[in-house]
Amino acid sequence: MKLFLDTASIDEIREINRWGVLGGVTTNPSLVAKEHGDPEHVWKQILEEVDGPISLETTELEADAMFGQGVELAARAPNAVVKVPMTPDGLAAGNRLVKDGIRINVTLVFSPAQAILAAEIGAFIVSPFLGRLDDVGSDGMDLLRRICEIYEIQGYETNVLAASLRHPMHVVEAALAGADIATMPFAVFKQLVKHPLTDIGLEKFLEDWEALQKELKEGA
């Protein structure tokens, strides 16, 4: 399972990319707006920083306008992926983009039926939002498992991206469910590497090493 960062902050992206584990980035209009800068510059920095797929979301609502915007977004870089919403117009625009050889990410998916539609138009990625389902009393992880099972049975090649992940266990459970990609905020990504026993163990190793160096110096 590839790990993506869900942000438009170039500082956050550079920090995680430095670890060598960042597979791609997902952005949306809300995340870009948080940067309070020219979207063109924000996207350019991200596309240049990360080699993997970078999802750039359309903001047009009508199919023809969305298609045109998608063509423009895809032209920004070879690793750009066009995000379209799970709506009739989003499907229509996405279908046209796919036929033109452009990779798309169908976003705001909340049901297995919607995921089937995304696969049927040949989407590169489908993005079920797990945390948002949990927020309204539904089981987001169950949705992910059902989508992964359907895709395996049907032989769909669309990548399943677990989105709206709120904590490290969401990431682990998404991996167990068979997700191809998990995207998460910077704070969650940082939590993946943390464990108190790791910190305690490292501290002990360094204490013992320093004690050895002192012993050798005194015995010299």
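Residues numbered from 1 in each chain as written. Predicted model: local features only at pLDDT ≥ 70, side-chain atom pairs only at ≥ 80, totals over all residues. Heavy atoms only, no water.

## Details of the overall build of the chain
At step 1: Looking only at helices and strands, one finds 11 helices and 8 strands in the chain.
At step 2: Surface summary for the chain: the accessible area is close to 11,700 Å², and the carbon and sulfur share equals 54%.
At step 3: The average position of the 19 basic charges and that of the 34 acidic charges among the side chains of the chain differ by 3 Å. (Helix = DSSP H or I, 4+ residues; strand = E, 2+ residues; numbered from the N terminus. Areas by Shrake-Rupley, 256 points an atom, 1.4 Å probe, with all protein chains shown as cover. Lys, Arg positive; Asp, Glu negative; His and termini not counted. Charge placed at Lys NZ, Arg CZ, Asp CG, Glu CD.)

## Thoughts on the sheet that holds strand 1 (residues 2-6)
At step 1: Pairing in this closed barrel of 8 strands is parallel, and the strands run 1-2-3-4-5-6-7-8 around the ring. For this sheet, the mean angle separating the axes of adjacent strands, direction not counted, is 25°.
At step 2: Note that strand 4 (residues 80-85) and strand 5 (residues 104-109) share 4 bridges and pair parallel. What sits directly across from Pro85, in strand 5, is Thr107.
At step 3: Docked against the sheet, helix 4 (residues 63-74) engages strand 3 (54-57) and strand 4, running at close to 160° with respect to strand 4.
At step 4: On the sheet, helix 8 (residues 140-154) packs against strand 5, strand 6 (125-128) and strand 7 (159-162) and is oriented at approximately 175° with respect to strand 7. (Pairing = 2+ DSSP bridges. Axes fitted to C-alpha atoms, helices over the stretch in contact; angles between N-to-C directions. Contact = heavy atoms within 4.5 Å.)

## As for the nonpolar core
At step 1: Within the largest apolar cluster, 58 residues are counted, with the highest numbers of intra-cluster contacts made by Val106 and Leu144.
At step 2: The greatest single-element share of this core, amounting to 6 residues, is contributed by helix 8.
At step 3: The residues contacting Val106, other than those within four sequence positions of it, are Val84, Pro85, Met86, Ala118, Ile121, Ala123, Ile125, Val126 and Ser127.
At step 4: Judged by nonpolar contacts, the second largest core, of 6 residues, contains Phe4, Phe129, Leu161 and Ala163. (Core = buried A, V, L, I, M, F, W, Y, C linked by side-chain atoms within 4.5 Å. Buried < 20%, exposed > 50% of the residue type's maximum accessible area, 1.4 Å probe, protein only.)

## Some words on the pairing of strand 7
At step 1: Across 2 bridges, the pairing between strand 6 and strand 7 is parallel. Pairing of Ile125 across the sheet is with Asn159, part of strand 7.
At step 2: For strand 7 and strand 8 (residues 181-184), the ladder comprises 2 bridges, and the chain directions are parallel. In the sheet register, Leu161 faces strand 8, and the bridge partner there is Ile181.
At step 3: Viewed along the sheet, the connection from strand 7 through helix 9 (residues 168-177) into strand 8 turns out right-handed. (Right-handed = clockwise from strand over helix to strand, strands pointing away.)

## Details of the packing of aromatic side chains
At step 1: Tallied over the full model, the rule gives 3 aromatic pairs.
At step 2: Taking the centre distance of 6.0 Å and the plane angle of 75° together, the rings of Trp19 and Phe189 count as edge-to-face. With Trp19 in the loop between helix 1 (10-17) and strand 2 (22-26) and Phe189 in helix 10 (residues 186-192), this pair connects stretches of sequence that are 170 residues apart.
At step 3: With a relative accessible area of 1%, Phe189 lands in the buried category.
At step 4: Ring centres 5.3 Å apart and planes at 75° place the aromatic pair Tyr151 and Tyr156 in the edge-to-face group.
At step 5: What makes Tyr151 buried here is its relative accessible area of 4%. (Phe/Tyr/Trp six-rings, centres within 6.5 Å; stacked < 30°, edge-to-face > 60°.)

Keep in mind these values describe shape, not function.
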